[in-house]
Amino acid sequence: MRVNVEELKHIVGEENVRTNTADLYVYGADASVHQSLPDVVVRPKTIEQVQKVVQYANAERIPIIPRGAGSGMSGHAVPIDGGIVLDMKGMNRILEIKPEDMYCRVEPGVVDDDLNRALKPFGMFYPPSPASSRIATIGGEIGNNASGIRSVKYGATRDYVLGMKVIFGDGSLVNLGATTRVEAAGYQIHRLIVGSEGTLGIVVEATMKFIPLPKFRCLGMATFEKLEYAGDAIADIIASGAEPSMLELMDDVAIKAVNTTSKIGLPDVEAIVFFEADGKAKEAVDYEMQKMKTICEKHNGKVTAMSYDEKERAKIYAGRKKLFPSLSRYKEGLVCTSLADDMAVPYSKMAECARKIHEVAEKYGVIMTAYGHCGSGVMHTKILMDPTKKEQWEAAKRAVEEIYDYVHSVHGITSGEHGIAISKAPSWKKARKDLLPIMRKIKQALDPNNILNPHKLMDAPDDWLTATELRYSVKG
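Treat the numbers as computed from the prediction; the structure is a model and nothing was measured.

Definitions and cut-offs
Residue positions are counted from 1 within each chain, in the order its sequence is given. A pLDDT threshold of at least 70 governs which residues receive local features in this predicted model, and a stricter bar of 80 or more applies before side-chain atom pairs are shown or counted, although totals over entire chains, interfaces and linings include all residues. To obtain the side-chain values, all non-hydrogen atoms of the structure were used and water was disregarded. Numbering goes from the N terminus for both helices and strands, where a helix is a DSSP run of H or I of at least four residues and a strand is a run of E of at least two. Contact definition: two residues touch when any of their heavy atoms are within 4.5 Å. We get accessible surface area from the Shrake-Rupley algorithm with a probe of 1.4 Å; when it comes to residues, only the shown protein chains can shield them. Note on charges: Lys and Arg go in the positive column, Asp and Glu in the negative column, and His and the chain ends are not counted at all. Throughout, a charge is located at the NZ atom of Lys, the CZ atom of Arg, the CG atom of Asp or the CD atom of Glu. Relative accessibility under 20% of the residue-type maximum defines a buried residue, over 50% an exposed one, and the middle range a partly exposed one, all with a 1.4 Å probe and only protein chains included. At least two DSSP bridges between two strands are needed for those strands to be called paired. Only the stretch in contact is used when fitting a helix axis, every axis being a line fitted to C-alpha atoms; angles between N-to-C directions are given from 0 to 180 degrees. By definition here, a helix of n residues has an expected span of 1.5 Å times n minus one. To count as a disulfide, a pair of cysteine sulfur atoms needs to be within 2.5 Å. For our purposes a nonpolar core is just a set of buried Ala, Val, Leu, Ile, Met, Phe, Trp, Tyr and Cys residues, chained together by side-chain atoms within 4.5 Å. By salt bridge we mean one thing: a side-chain nitrogen of Lys or Arg within 4 Å of a carboxyl oxygen of Asp or Glu. Between N or O atoms, a polar contact is any pair within 3.5 Å; within protein, one atom must be a potential hydrogen donor and the other a potential acceptor, and residues adjacent in sequence are included only when both atoms are from side chains. Patch construction takes residues with relative accessible area above 30% that form no salt bridge. Like charges are linked within 9 Å, and nonpolar side chains (Val, Leu, Ile, Met, Phe, Trp, Tyr) are linked within 5 Å.

Caption draft 1: Here's a closer look at the overall build of the chain. Counting its secondary structure elements, the chain contains 17 helices and 21 strands. Dimensions along the principal axes, computed over C-alpha positions, put the chain at roughly 65 × 60 × 40 Å. Across the chain, every contact between residues at least 6 apart in sequence was considered, and the portion connecting residues at least 24 apart equals 72%. About 19900 Å² of surface is accessible on the chain, with carbon and sulfur atoms providing 50% of the total. Where the 61 positive side-chain charges of the chain centre and where its 62 negative ones centre are 2 Å apart.

Set out below in structure tokens:
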């Protein structure tokens with residue numbers, strides 16, 4: 001395989017093709033632990049340019065890896081076999097906003113927060129926003145079926161995609177879906193593209209629905225002396241029929257990390273639960289908040305704060321918001337790595353899962369935290385380790401495998417919102433052997449020459465630790 005750089009320059013312009021070492025290094029990694037250099041970086045500006053690049057790559061059997069902001073945590077945009085990294089951020093126009101029909105059309109490079117800023121004057125918002133919404137692009141969110149802190153009420157990206165324009169592996173451009181809320185007109189291929197991680201097609205335009213901003217929003221915080229109490233409260237809140245717009249968990253490792261780095265002064269307890277309700281009527285929000293407060297107290301929780309005020313809510317939630325960057329500064333010499341980081345389990349298993357994570361971490365000599373969107377069953381964790389030590393990576397590998405074995409044993413799933421890509425593929429493939437042949441048949445139909453983000457999902461290497469270089473200098 002040899003990439004004809006001059007041909008690519010002819011398609012997109014010399015200024016939109018990069019081959020220097022510095023650029024290749026940057027585009028050879030995302031927010032995961034993986035690193036592997038592409039042969040070239042291409043930055044298209046139009047649908048026609050994307051189509052021509054794909055047609056060229058297909059004819060020459062060159063891998064092509066679509067990339068948004070590179071905020072994926074599992075190696076989605078890492079080019080295992082070199083090839084072309086297709087940077088879609090240059091296609092960043094909001095093409096149309098139709099408040100009367102409650103949808104918009106956007107290019108894939110539109111940033112989540114930018115879309116919400118454009119919708120706000122209409123009194124609307126796009127809810128799935130992940131924690132990385134200030135940089136995450138709509139195309140990347142579609143690729144991962146991303147969601148965020150309010151997924152418990154508002155769902156994930158798939159719930160807001162009405163239609164899209166997609167370029168398949170042979171270079172064909174196809175219009176999928178509709179602009180209506182209901183559709184019974186053949187296969188809903190656009191819903192299949194969501195969560196396909198760039199392996200089936202390249203989204204070049206998306207039609208997304210949006211909804212009205214809630215008039216009232218109230219946030220509360222409850223502390224628990226025992227993690228199990230918090231888990232019981234979470235399960236009870238969901239089973240009660242309450243409608244939280246957010247339900248978040250932090251364990252003691254997360255609390256310590258935030259207090260160590262940010263000096264916020266969170267209570268020294270085993271667990272904190274943040275609960276929120278929103279809506280058009282204050283009476284309805286009051287009802288939901290009181291219901292959740294009562295349930296927390298029933299399970300030995302102490303509700304320390306509740307507020308409708310935007311500034312007060314920001315203060316209450318500051319610890320959770322600062323958690324991810326705080327983990328990287330938890331202890332000198334340790335870094336925060338994303339490996340088994342977003343499994344989902346039944347509500348009744350949330351506390352047990354958090355406890356299991358701590359037990360496994362102690363067993364293998366690493367530090368792990370348990371936190372996340374407990375309202376939608378998502379348990380986030382990060383492994384804090386010394387990345388320069390080979391034995392730490394081996395320990396992390398064993399810890400990840402054991403945690404996923406547990407998750408699958410309680411009928412949980414490998415990923416709730418970050419996707420599979422490389423890091424999670426071995427455990428996911430082990431759990432879903434029955435699904436892999438079907439996915440490969442679909443891949444063959446839409447990308448017959450296997451050029452679109454190859455070696456991901458069902459075709460990812462069986463050992464994530466050796467699948468690529470690591471982004472760290474490992475000794476030994």
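Caption draft 2: Region of interest: the pairing of strand β9 (residues 161–168). Within β9, 7 of the 8 residues are buried, which leaves the element mostly enclosed by the surrounding structure. Taken together, the 7 bridges between β9 and strand β11 (residues 201–209) define a ladder with antiparallel strand orientation. Residue pairing for β11: Val161 is matched across the bridge by Met208. Sheet analysis places β9 next to strand β10 (residues 173–177), joined by 5 bridges and oriented antiparallel. Pairing of Ile167 across the sheet is with Leu173, part of β10. The turn joining β9 and β10, which pair antiparallel and follow one another in sequence, is formed by 4 residues; a positive phi near 90° is taken by Gly171.

Caption draft 3: Representation of the pairing of strand β13 (residues 216–224) in the model. Of all the 9 residues making up β13, 8 are buried; the element is thus mostly covered by neighbouring parts of the structure. Across 9 bridges, the pairing between β13 and strand β15 (residues 271–279) is antiparallel. From the neighbouring strand, Phe216 faces β15, where its bridge partner is Gly279. When β13 meets strand β16 (residues 302–307), the two strands line up antiparallel, connected through 5 bridges. Bridge pairing links Ala222 to Val303 in β16.

Caption draft 4: Broad picture of the sheet that holds strand β1 (residues 17–18). Across the sheet, which stays open at both edges, the 4 strands sit in the order β1-β3-β5-β4 with mixed pairing between neighbours. Both edges of this open sheet fall to β1 and β4 (64–67), since each of them pairs with a single strand only. Of the strands in this sheet, β3 (40–42), β4 and β5 (84–87) touch helix α3 (residues 47–60), which is tilted by about 170° from β5.

Caption draft 5: Just the sheet that holds strand β6 (residues 94–98), in detail. Spatial ordering of the open sheet is given by β6-β7-β11-β9-β10, a layout of 5 strands whose pairing is antiparallel. Two strands in the sheet have a free side with no partner beyond their single neighbour: β6 and β10. Pairs of neighbouring strands in the sheet enclose a mean axial angle of 15°, with direction left out of account. Set on the sheet, α3 makes contact with β9, β10 and β11; between it and β9 the angle comes to about 45°. Against the sheet, helix α4 (residues 112–119) engages β6 and β7 (103–106), with an angle of about 40° to β6.

Caption draft 6: Region of the structure containing helix α13 (residues 350–364). In this model α13 runs 21 Å from its N-terminal to its C-terminal C-alpha over 15 residues, within 8% of the 21 Å that 1.5 Å per residue would give. When α13 is considered as a whole, its buried residues turn out to be Met350, Ala351, Cys353, Ala354, Ile357, His358, Val360, Ala361 and Tyr364. Directly beyond the C-terminal end of α13, a positive phi value near 75° is found at Gly365.

Caption draft 7: Main features of the state of the cysteines. As enumerated under the stated definition, the model contains 0 disulfides in all. Left without a disulfide partner, Cys353 is nearest to the cysteine sulfur of Cys374, which lies 12 Å away. We classify Cys353 as buried; its relative accessible area is 1%.

Caption draft 8: Inspection of the nonpolar core at higher detail. Within the largest apolar cluster, 58 residues are counted, with the highest numbers of intra-cluster contacts made by Leu249 and Met379. Sorting elements by how many residues they give to this core places helix α14 (residues 390–409) first, with 9 residues. What Met379 contacts, discounting residues up to four positions off in sequence, is Leu249, Asp341, Asp342, Met343, Met350, Cys353, Ala354, Ile357, Ala370 and Tyr371. In terms of nonpolar packing, the next biggest core, distinct from the first, is built from 27 residues, Cys104, Val106, Tyr160 and Met164 among them.

Caption draft 9: Inspection of the pattern of salt bridges at higher detail. Applying the stated criterion across every chain, the model contains 34 salt bridges. Among the salt bridges present, the one from Glu276 reaches Arg150, with a minimum N-O distance of 2.8 Å. Pair noted here: Glu276 is in strand β15 and Arg150 is in the loop between α5 (138–144) and α6 (151–154), with a separation of 126 residues, a long-range link. Both residues of the pair, Glu276 and Arg150, count as buried. Across the pair Asp286 and Lys282 runs a salt bridge whose closest N-O atoms are separated by 3.1 Å. Of this pair, Asp286 and Lys282 are both found in helix α10 (residues 282–298), 4 residues apart, which corresponds to roughly one turn of the helix.

Caption draft 10: Main features of unusual backbone geometry. One non-glycine residue, Asn300, lies in the positive phi region at around 70°. Along the polypeptide, Asn300 turns up in the loop between α10 and β16. Judged by its relative accessible area of 48%, Asn300 is partly exposed. The backbone of His455 shows a phi angle near 65°, a positive value even though the residue is not glycine.

Caption draft 11: Molecular detail of the environment of Glu248. Mapped onto the elements of the fold, Glu248 is located in strand β14 (residues 246–251). Residue classification places Glu248 among the buried positions, given a relative accessible area of 0%. Those residues in contact with Glu248 that sit more than four places away from it in its chain are Ile149, Ile272, Val273, Phe274, Tyr317, Arg320, Gly372, His373 and Cys374. Polar contacts involving the side chain of Glu248 include one to the side chain of His373, which spans 2.5 Å.

Caption draft 12: Structural context of a nonpolar patch on the surface. Together, Tyr25, Val26 and Leu37 line one region of the surface with nonpolar side chains, adding up to about 300 Å² of accessible area. Turning to its location among the elements, Tyr25 is positioned in helix α2 (residues 21–27). For Tyr25, a relative accessible area of 51% puts it in the exposed group.

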